[in-house]
Amino acid sequence: MSEEKRSRLLGADALWSYALRVLAGRAHSTGELREKLRRRAARVEDVDDVLARLKQDGYLDDRRFAESFAAARLANDRFGRGRVLQDLRQRRVAPALAEKTVRQVYEDVDEQKLIEEWIRRKYRAAEREGLFQEEKDLAAAYRRLLRAGFRTGEILRALKKFAKNPDLLDGFEPPDEEPAD
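Model, not experiment: these values are computed from the prediction. (Residues numbered from 1 in each chain as written. Predicted model: local features only at pLDDT ≥ 70, side-chain atom pairs only at ≥ 80, totals over all residues. Heavy atoms only, no water.)

### Considering unusual backbone geometry
Even without being glycine, Arg78 reaches a positive phi, approximately 60°. If you trace the backbone, Arg78 turns up in the loop between helix H5 (62-77) and helix H6 (81-90). Note on Arg78: relative accessible area 25%, which makes it partly exposed. The backbone of Arg92 sits at a positive phi, close to 65°, despite the residue not being glycine. (Helix = DSSP H or I, 4+ residues; strand = E, 2+ residues; numbered from the N terminus. Buried < 20%, exposed > 50% of the residue type's maximum accessible area, 1.4 Å probe, protein only.)

Given below as structure tokens:
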């Protein structure tokens with residue numbers, strides 16, 4: 001380890017201050033913050049102590065983080081369940097907590113309606129009559145909706161409503177791969 005890097009490592013008190021500054025910028029999951037703190041800690045043992053203190057003082061709460069993150073992704077980005085679940089996992093929220101939270105946040109959400117709103121918003125500049133005229137247009141829309149976290153069945157049902165020729169979807173073969181979790 002270089003002398004410069006060693007001089008940037010933080011002791012327990014400085015690590016606590018650093019953690020508070022990081023959390024003041026935006027909320028983090030315990031897993032995300034643990035990674036950031038490990039990169040800056042002079043002693044790895046200090047990381048768990050700082051995390052425990054943050055939890056005890058109410059600065060760090062994965063359940064609260066997951067709930068607010070999922071609710072914001074639904075309200076602001078209008079993503080489907082799958083995308084929000086994937087994003088929570090990328091932010092190092094425990095899989096069981098992520099799944100439970102997404103299930104609760106999306107409990108009363110009509111996913112079909114959400115997909116239709118998403119299509120209207122993303123394709124608002126396109127003429128309604130010209131929307132999804134060809135199979136390639138449907139395939140591109142399908143892929144975009146899949147990346148947005150919607151399930152295949154609901155996507156196909158919604159695309160049938162918007163397609164100029166819904167019969168094109170009868171022979172539509174979705175790609176074999178689903179988005180990675």
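### Brief notes about the confidence of the model for the protein chain
A residue-level look at the protein chain finds 83% of positions with pLDDT of 70 or above and a mean pLDDT of 86. Looking at the elements of the protein chain, mean pLDDT is at its lowest for helix H1 (residues 3-7), recorded as 55, and at its highest for helix H7 (residues 95-105), recorded as 96. (pLDDT = per-residue confidence, 0-100.)

### A few points about helix H4 (residues 44-56)
Spanning 13 residues, H4 covers 19 Å between terminal C-alpha atoms, matching the ideal 18 Å at 1.5 Å per step. Where H4 is concerned, the buried positions are Asp46, Val47, Val50, Leu51 and Leu54. What you see down the axis of H4 is that its buried residues fit within an arc of 135°, all on one side. Turned more than 90 degrees away from the buried face of H4 sit Asp49 and Gln56, all of them exposed. Against helix H2 (12-25) and helix H3 (30-40) lie the buried residues of H4. (Expected span 1.5 Å × (residues − 1). Arc of directions from axis to C-beta. Contact = heavy atoms within 4.5 Å.)

### Digging into the packing of aromatic side chains
Summed over the entire model, instances satisfying the criterion amount to three aromatic pairs. Where Trp118 meets Phe150, the ring centres are 6.5 Å apart and the plane angle is 70°; that geometry is what we call edge-to-face. Residue Trp118 is found in helix H8 (residues 111-122), and its partner Phe150 is found in the loop between helix H9 (135-147) and helix H10 (152-162); the two are separated by 32 residues along the sequence. Phe150 shares its class with Trp118; the two are buried. Positioned above the aromatic ring of Phe79 is the side chain of Arg83, whose terminal nitrogen or guanidinium carbon lies 4.2 Å from the ring centre. (Phe/Tyr/Trp six-rings, centres within 6.5 Å; stacked < 30°, edge-to-face > 60°. Lys NZ or Arg CZ within 6 Å of the ring centre and 35° of its normal.)

### What about the pattern of salt bridges?
Within the structure shown, the criterion is met by 20 salt bridges. Its salt-bridge partner being Glu45, residue Arg43 comes within 3.7 Å of it at the nearest N-O pair. What makes Arg43 partly exposed here is its relative accessible area of 46%. Three or more residues joined by partner-sharing salt bridges are found here, namely Arg81, Glu111, Arg151, Glu154 and Arg157. (Salt bridge = Lys/Arg side-chain N within 4 Å of Asp/Glu carboxyl O.)

### Quick notes on the packing of H2 against H4
For the pair H2 and H4, the least separation of the axes is 10 Å and the interaxial angle reads 50°. The angle between H2 and H4 places the two elements in the oblique class. Two packed elements cross with a definite hand, and for H2 against H4 that hand is right-handed. Only Asp46, Val47, Val50, Arg53 and Leu54 of H4 make contact with H2, whose side of the interface consists of Ala12, Leu15, Trp16, Ala19, Leu20 and Leu23. Residue classes in the contact of H2 with H4 are distributed as nine nonpolar, no polar and two charged. (Axes fitted to C-alpha atoms, helices over the stretch in contact; angles between N-to-C directions. Parallel < 35°, antiparallel > 145°, perpendicular 65-115°, else oblique. Left-handed = near helix turned anticlockwise from the far one by under 90°. Nonpolar A, V, L, I, M, F, W, Y, C, P; charged D, E, K, R; others polar.)

### A few points about the nonpolar core
Core analysis: the largest hydrophobic core is formed by 32 residues, its most contacted members being Leu88, Ile119, Phe132, Leu145, Phe150, Ile155 and Leu159. Breaking this core down by element, the ones donating at least two residues are H5, H6, H7, H8, H9 and H10. One finds Leu10, Leu15, Ala19 and Leu51 within the second-largest nonpolar core, a separate group that totals 15 residues. (Core = buried A, V, L, I, M, F, W, Y, C linked by side-chain atoms within 4.5 Å.)

### Considerations on the packing of H2 against H3
Their axes nearest at 11 Å, the elements H2 and H3 cross at an angle of 140°. When the interaxial angle is binned, H2 and H3 end up oblique. For the pair H2 and H3, the sense of crossing is right-handed. Contact residues: Leu15, Tyr18, Ala19, Val22 and Leu23 in H2; Leu33, Lys36, Leu37 and Arg40 in H3. In terms of residue class, the contact of H2 with H3 is built from seven nonpolar, no polar and two charged.

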